[in-house]
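Architecture at a glance
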Amino acid sequence: MKNLLDAYSAVAGDDVISHLRQLAVPLRGLRVVHINSTRSGGGVAEILERLVPLMRELGIDAVWEIIEGDGDFYVCTKNMHNALQGARVTISDEMLHAYEETNARNAEQHRSMLEEADVVFIHDPQPAFFLRHCPRRRGKWIWRCHIDIARPYRPIWKYLRGELAAYDASIFSLADFAQQLPHAMYLIPPSIDPLSEKNIDMSDAEISDVLQQLGVNPEEQIMLQVSRFDRFKDPMGVIQAYKLAKVFLPNLSLVLAGGGASDDPEGAIVLDEVRNAAGGDPRIHILDLPPDAHRAINALQRAAVVVLQKSIREGFGLTVTEAMWKGKAVIGGDTGGIRLQVVDHHTGFLVNTPEGAALRVRYLLHNRQKLADMGIKAREFVRENFLLTRHLREYLALILVLTHANGDRIELV
Amino acid sequence: MGPGKIRHGQVFKIRDCALLAIATGNRAQNLRELRDHLQSIHPDSIYHHFWGGLMRPKFVDPEYSNDFAAWSRHGLHDSILAERLGVLDPTEFDDLESLRQELVEVVEARLDESEHVSWSKADQQFNFIRSQIVVFDTHKVIPAPEALAEYLPHLSVGSVFYHFVDARRRTPGGGDDFREWLAEFGEQYVRLRENLAALDYYFVTVAELKAELCELFRDYFAFQAPA
């Protein structure tokens with residue numbers, strides 16, 4: 001795709017793209033390899049899908065490969081993922097053996113490319129053991145952690161840490177997530193892609209069509225939360241907040257849109273609880289959407305009058321970023337990455353209780369100018385901080401740092 | 001030409017920069033831990049928590065101008081300490097060590113007068129961060145101060161930060177790159193240099209600083225222009 005940078009220039013600004021071009025000049029021709037576990041589905045694949053072509057358009061020889069395994073490997077890495085997020089999960093030696101074997105086999109397949117590469121990004125724990133199988137590597141290896149590992153289950157972290165210590169650098173999304181490692185730990189927040197199906201502009205007619213297909217009346221005043229049916233996202237608290245606000249706002253509707261209930265036993269239980277709590281209220285719409293319902297999410301976020309993300313615990317909260325990009329003030333739980341995005345009284349409100357959320361919904365719907373002003377600030381805040389172009393800029397700066405010099409000042413002049 | 005030099009003869013070379021944040025792994029959950037880390041943390045981390053915020057977008061009325069004050073208010077819920085730390089203006093200190101000493105002094109005074117040590121929640125600890133700066137050439141060369149006045153509106157946020165804020169760590173007199181350059185013209189731009197020196201830039205965003213610089217240069221050359 002020849003004009004990808006021009007397309008981003010239209011949404012992020014010419015100066016942003018010019019900045020990227022200048023940063024990339026010393027990196028032209030560099031071989032950069034990204035390794036993750038899937039080409040589709042999930043936030044990492046969504047980012048790499050655009051990031052790698054953008055790097056190539058800037059003259060960097062970027063490639064993207066994936067690690068492929070069997071059932072045991074994926075069960076092991078799923079457990080590993082949960083353990084890093086704090087779940088007390090036991091992983092058997094057989095599972096770990098399957099994990100290490102899969103790493104060895106895949107590393108062998110890509111060894112010459114990996115050993116020749118100038119920079120290798122290993123995303124998340126799935127391919128973390130590639131490094132030990134590339135003894136003649138000549139480039140810099142970076143472990144990119146996309147997971148909230150603020151409080152990992154220690155035995156699993158200890159197992160991985162031994163391997164990760166050999167990397168040249170690691171990247172975490174938030175300072176809270178950084179663990180002690182004997183190399184530089186960079187902080188690079190995630191981003192959204194403004195040109196993806198989930199975030200691209202939609203016409204009013206398209207939005208209306210999608211809402212009608214979902215059984216939601218476009219004329220209703222929609223209060224929205226998009227998230228998996230998970231207790232940490234507090235969907236019950238959102239229903240309570242809706243009921244408290246509804247007394248004063250009779251035209252208010254609630255849409256809880258999410259997924260994950262079909263392949264997650266706990267998700268199905270939470271979904272049942274949420275349906276019971278809704279109690280047959282026709283203005284509460286509970287939508288169990290498939291993982292690829294990007295256009296539906298986009299339309300709902302654009303149609304909403306106010307967006308909630310009332311999580312009790314949250315990694316970064318890209319649904320907050322998505323809503324803010326669509327010019328929405330967000331009422332968010334005072335936790336994790338939501339704090340980085342919802343600047344209290346500027347881009348939305350931070351709340352701790354359903355009562356607090358209800359109060360802010362009422363306040364914003366009675367102060368439409370404030371609601372609009374916050375939406376404008378929210379969109380600008382995302383434009384400057386959480387678009388893919390910023391993510392790319394920081395990757396480029398990091399590659400420059402690692403490939404050119406050490407120290408706190410790198411002067412390429 | 002050595003690193004950091006932006007002059008070549010009497011032309012001004014526009015540079016740009018990007019900042020990368022690095023976790024130091026040091027965290028404080030209470031005021032005593034904050035004091036202990038402040039005593040030993042690398043000066044780059046102190047720099048980051050005072051100046052790194054300038055490269056992050058702020059809103060029109062940022063509540064506090066440094067991260068220590070903001071954490072005191074929102075992490076420790078200690079408004080008194082937040083106000084005392086918030087008023088610290090790093091431009092008034094000769095170097096980062098003096099600033100560090102003052103920070104420690106303020107925190108110790110608060111510890112002395114407190115009945116108990118303030119704690120934050122586990123997920124609201126203060127994370128000490130430092131930053132790396134990557135400086136690169138934009139290949140834009142300004143031939144004369146009048147041309148700089150015209151070009152300033154096109155300057156990126158990174159360039160403004162590099163030439164006006166970061167410069168104070170590099171230039172011998174602790175000034176900005178613009179004044180350093182103007183000094184090469186002898187007495188010709190003395191008033192412009194004085195105006196630049198008087199610019200109070202700590203409580204504004206880099207975007208606002210850029211707007212103030214544009215106005216300052218524009219006004220100066222409008223006044224100088226023949227009728």
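Residues numbered from 1 in each chain as written. Chains lettered and ligands numbered in written order. Predicted model: local features only at pLDDT ≥ 70, side-chain atom pairs only at ≥ 80, totals over all residues.

**A few points about the overall build of chain A**
Of regular secondary structure, chain A possesses 15 helices and 13 strands. Dimensions of chain A, computed from the C-alpha atoms along their principal axes, are close to 70 × 50 × 35 Å. The 413 residues of chain A split such that 50% are buried. At a minimum sequence separation of 6, the contacts of chain A that also span at least 24 residues come to 68%. (Helix = DSSP H or I, 4+ residues; strand = E, 2+ residues; numbered from the N terminus. Buried ≥ 20, exposed ≤ 12 C-beta atoms within 10 Å, placed from the backbone. Contact = placed C-beta atoms within 7 Å.)

**Some remarks on the interface of chain B and chain A**
Opposite the 25 residues of chain B that make contact, chain A presents 32 residues. Of all the elements in the fold, those that place two or more residues in the side of chain B that touches chain A are β2 (11-28) and β3 (126-142) of chain B. Element by element, the count of residues in the side of chain B that touches chain A is highest for β3(B), at 9 residues. Classifying every residue of the side of chain B that touches chain A gives 13 nonpolar, 7 polar and 5 charged. (Nonpolar A, V, L, I, M, F, W, Y, C, P; charged D, E, K, R; others polar.)

**Thoughts on the sheet that holds strand β8 (residues 252-258) of chain A**
Residues and elements named next belong to chain A. Taken in spatial order, the 6 strands make up an open sheet running β9-β8-β7-β10-β11-β12, and their pairing is parallel. Here the strands that pair on one side only, and so sit at the sheet edges, are β9 (284-288) and β12 (348-351). The average undirected angle you get between the axes of adjacent strands in this sheet is 20 degrees. Pairing between strand β7 (residues 221-226) and strand β10 (residues 306-309): 2 bridges, direction parallel. Across the sheet, M223 pairs through a bridge with V306, a residue of β10. Packed onto the sheet, helix α8 (residues 235-246) meets β7, β8, β9 and β10 and runs at close to 170 degrees relative to β8. In this fold helix α10 (residues 294-303) packs onto β7, β8 and β10, with an angle of close to 135 degrees to the strand it touches most, β7. (Pairing = 2+ DSSP bridges. Axes fitted to C-alpha atoms, helices over the stretch in contact; angles between N-to-C directions.)

**Considerations on helix α9 (residues 190-197) of chain B**
Residue and element names in this part refer to chain B. Those residues of α9 that fall on the buried side of the exposure criterion are L192, R193 and L196. Down the axis of α9, the buried set is contained in an arc of 100 degrees. They therefore lie on one face. Exposed residues pointing more than 90 degrees away from the buried face of α9 are listed as V190, R191, E194 and A197. Next to the buried residues of α9 lie α8 (177-183) and α10 (206-224). (Arc of directions from axis to C-beta.)

**Details of the environment of W64(A)**
Residue and element names in this part refer to chain A. Within the secondary structure layout, W64 lies in strand β2 (residues 61-66). As for W64 and D176, which are separated by 112 residues in sequence, their C-alpha atoms are 28 Å apart. Residue contacts for W64: discarding those within four places in its chain leaves H34, L48 and V52.

**What to know about the packing of helix α3 (residues 67-74) of chain B against helix α4 (residues 79-86) of chain B**
Residue and element names in this part refer to chain B. Packing of α3 against α4 leaves a shortest axis separation of 7 Å and a crossing angle of 170 degrees. Here α4 runs roughly antiparallel to α3, going by the angle between their axes. Each of F68, A69, S72 and R73 in α3 lies in contact with α4, whose residues at this interface are S79, L81, A82, L85 and G86. Of the residues that constitute the contact of α3 with α4, the class distribution is 5 nonpolar, 3 polar and 1 charged. (Parallel < 35°, antiparallel > 145°, perpendicular 65-115°, else oblique.)

**Focus on the domain arrangement of chain A**
Residues and elements named next belong to chain A. Split by domain assignment, chain A resolves into domain 1 (4-191 + 387-404) and domain 2 (204-385). For domain 1 and domain 2, the distance between their C-alpha centres works out to 31 Å. Facing the 10 residues of domain 1 at the interface are 10 residues of domain 2. Its residues assigned to classes, the side of domain 1 that touches domain 2 shows 5 nonpolar, 3 polar and 2 charged. (Domains from an automatic or database assignment.)

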